[in-house]
Every structure is written in structure tokens, then in C-alpha cells.
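Structure assessment
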Amino acid sequence: TAIGNDRGMQCGLLEENTRHGAAASDGKRVSILVAEDNTALRDYLRSALENRYNVSTARNGEEAYCQAINEQPDLVLTDIVMPGMDGFGVLNYMNRHHYLEDIPVIMISSEDSTEVVRRAYEMGVSDYINRPFDAGVVHRRVYNTIKLYAKQRRLITLITNQVYEKEKNNRMMVEILSQIVEFRNGESGSHVLNINILTGMILE
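For clarity, every value in this text was computed on a predicted model and none was experimentally measured. (Residues numbered from 1 in each chain as written. Predicted model: local features only at pLDDT ≥ 70, side-chain atom pairs only at ≥ 80, totals over all residues. Heavy atoms only, no water.)

1. As for the overall build of the protein chain
Cut-off, in case you're wondering: A helix here means a DSSP run of H or I that spans at least four residues, while a strand means a run of E at least two residues long, and both kinds are numbered starting from the N terminus. Burial classification: accessible surface area is computed with a 1.4 Å probe over protein chains only, and a residue below 20% of its type maximum counts as buried, one above 50% as exposed, and the rest as partly exposed. We call two residues in contact when some of their heavy atoms are within 4.5 Å.
Secondary structure summary: the protein chain contains six helices and six strands in total. Ordered by position from N to C terminus, the α and β elements of the protein chain give β-β-α-β-α-β-α-β-α-β-α-α. Per-residue burial over the protein chain gives 35% buried out of 204 residues. The contacts in the protein chain between residues at least 6 apart in sequence include a share of 64% that link residues at least 24 apart.

Right under this line is the structure:
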């Protein structure tokens, strides 16, 4: 298994990066990166998906990881066995740099042993598809994964907005209380605000 290391990975803009499929009218068509060293299989996956998604392709793990950084696709489809860095190497890099938190990965491979599949899930893949596969199955699993992550992002946005509103209301309450303290006790309201700021810094 070729994992690679940070010193050896140089990710510039890749000349061999190939994007297929037209963008939707709103410019938000879902993008997918297909990493596969087998040309025939790579072309098959691209043609099976490009009618619905923007599809980029990579011939090996190094290209896949660099394109994931450069393009920030909505989903990555990757084989395991590839020259140089393999699929597990791609997962390792994406895990280490927290890309898997935002970019789901589906592995497609003929490696179907329990150990290999378990390792893939433990490293953070969202799904695992065994070869040979049906194009309709790939479409459905890709769609389900993208939909799941979209719901997750909406939920995170909702929670973040709620937390922000709560913090804003708390700040308003502290400001009101500081004015009350200043009015009732003659103590400086700015002193109360400074205590609030210092307390927040200590807690952080």
C-alpha cells in the first residue's frame, strides 16, 4: 500500500485534469471526481455520470488528492489499487487534512475481502461498491450519498445560525445588565463588560 508523505506531495494546478459535463443554469451542478487508473473503466464511469453531474477524472492517487484540493468536488469516486498512491493513500491524506468532513468518498473496487472493506469504512468512506457493478447502482449510491451530505450541511448551517443567535442574545443581555449595574450600584458598566470579555477569553 502506497500512502505517501506530506513532503513528497506537491499539488499545483494539474494540466491533465479533465472536466466533462455542462454546468447547470444556476452554476451549482454537483461535481464528482473519478479516480481510476484503468482507462476503459474510468471512461465508463465518466460517461455513466456526466449526463447528470460535472465529472473530473484522475489516473492515480496523487492526481486524485491534488484535484480534490484544487476543485473541492462534492464527491470522490476512487479505486483502491492504483499506481503510486493507492485509494487508501488518498483517504489517508484526506483524513489527515480534514477533507473527509466535507467531501464524501465512495470506493469502487474488485477487492471484496471483509478486511479491505472494513478498513475502508474505518478510514471514513461513505460507501463501498464492488466490481463488477451496474451503472444504475452507481447512480443511485452516488445520489444517496450526495443527498445525505446535503442534508447534513443544511443541519450544520441551521445549528450554527441558532448558536450565533443565542450568542448574540447573550451579548445583548450582558450589555443590558451592565447598564443596570451601573445605574443601581454606581459601578462602571464598562467594567462589567470587560469582565465578560476576559471570562470568555479564559474559557476559550
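2. Points about a positive patch on the surface
The test is simple: Residues enter a patch when their relative accessible area is above 30% and they make no salt bridge; the linking distance is 9 Å between like charges and 5 Å between nonpolar side chains (Val, Leu, Ile, Met, Phe, Trp, Tyr). Residue burial considers only the protein chains on display, and all accessible areas are found by Shrake-Rupley using a 1.4 Å probe. In the sections that follow, a salt bridge refers to a side-chain nitrogen of Lys or Arg positioned within 4 Å of a carboxyl oxygen of Asp or Glu. Note on charges: Lys and Arg go in the positive column, Asp and Glu in the negative column, and His and the chain ends are not counted at all. Here the site of a charge means NZ on Lys, CZ on Arg, CG on Asp, or CD on Glu.
There is a patch of like positive charges on the surface, built from Arg52, Arg140, Lys147, Lys151 and Arg154. Mapped onto the elements, Arg52 comes out in the loop between α1 (39-49) and β3 (54-58). Using a relative accessible area of 45% as the deciding quantity, one classes Arg52 as partly exposed.

3. Regarding empty space enclosed by the protein
Applicable threshold: Put plainly, a pocket is an open set of points on a 1 Å grid over the protein atoms alone with protein on both sides within 12 Å along at least five of seven lines, a cavity is a set where a 1.4 Å probe fits but cannot get out, and a lining residue has an atom within 4 Å of a point. Grid points are joined across faces, edges and corners, and a volume is the space filled by probe spheres set on the points. Polar here means any residue other than Ala, Val, Leu, Ile, Met, Phe, Trp, Tyr, Cys and Pro, which are nonpolar, and Asp, Glu, Lys and Arg, which are charged; Gly is therefore polar.
In the structure shown here, the tally under the stated rule is one cavity of 30 Å³ or more. Its boundaries defined by the atoms lining it, the largest cavity holds a volume of some 40 Å³. What lines the largest cavity is simply Val34, Ala35, Glu36, Leu45, Leu77, Thr78, Asp79 and Ile108. Residue assignment for the lining of the largest cavity shows that the elements contributing at least two residues are β2 (31-35) and β4 (75-78). Here the lining of the largest cavity is built from residues that sort into five nonpolar, one polar and two charged.

4. Focus: a nonpolar patch on the surface
A surface patch of nonpolar side chains, about 350 Å² in accessible area, is lined by Leu155, Leu158, Ile159 and Val163. Of note, Ile159 is situated in helix α5 (residues 135-185). Residue Ile159 is classed as partly exposed on the basis of its relative accessible area, which comes to 43%.

5. Points about unusual backbone geometry
Here Arg131 and Pro132 are connected by a cis peptide whose omega angle stands at -5°. Within the secondary structure, Pro132 sits in the loop between β6 (127-130) and α5. Even without being glycine, Gln72 reaches a positive phi, approximately 50°. Turning to its location among the elements, Gln72 is positioned in the loop between α2 (61-71) and β4. Looking at Gln72, the relative accessible area reads 41%, which means it is partly exposed. The residue His98 is not glycine, and still its phi comes out positive at about 65°.

6. A closer look at the layout of surface pockets
When its volume is computed, the largest pocket comes out at roughly 200 Å³. Along the lines of polarity and charge, the residues of the lining of the largest pocket split into seven nonpolar, one polar and four charged.

7. A few points about the pairing of strand β5 (residues 105-109)
The side chains of a regular strand alternate, residue by residue, between the two faces of the sheet. Cut-off, in case you're wondering: Criterion used throughout: strands pair if DSSP finds at least two bridges between them. Handedness of a crossover is defined as follows: with both strands directed away from the viewer, a clockwise route from the first strand across the helix to the second makes it right-handed.
Burial analysis of β5 places five of its five residues in the buried class, which makes it a mostly covered element. Burial of the side chains of β5 extends over both faces: Val105, Met107 and Ser109 are buried on one face and Ile106 and Ile108 on the other. Bridge analysis of β4 against β5 gives three bridges, and the strand direction is parallel. Bridge pairing in β5 places Leu77 opposite Ile106. Following the backbone out of β4, through helix α3 (residues 87-96) and into the adjacent parallel β5, one traces a crossover that is right-handed. By the bridge criterion, four bridges tie β5 to β6 in an arrangement that is parallel. Residue pairing across strands places Ile108 opposite Ile129, the latter belonging to β6. After leaving β5, the chain enters helix α4 (residues 114-122) and then returns to the sheet as β6, a path that is right-handed.

Worth remembering: the numbers are spatial, not functional.
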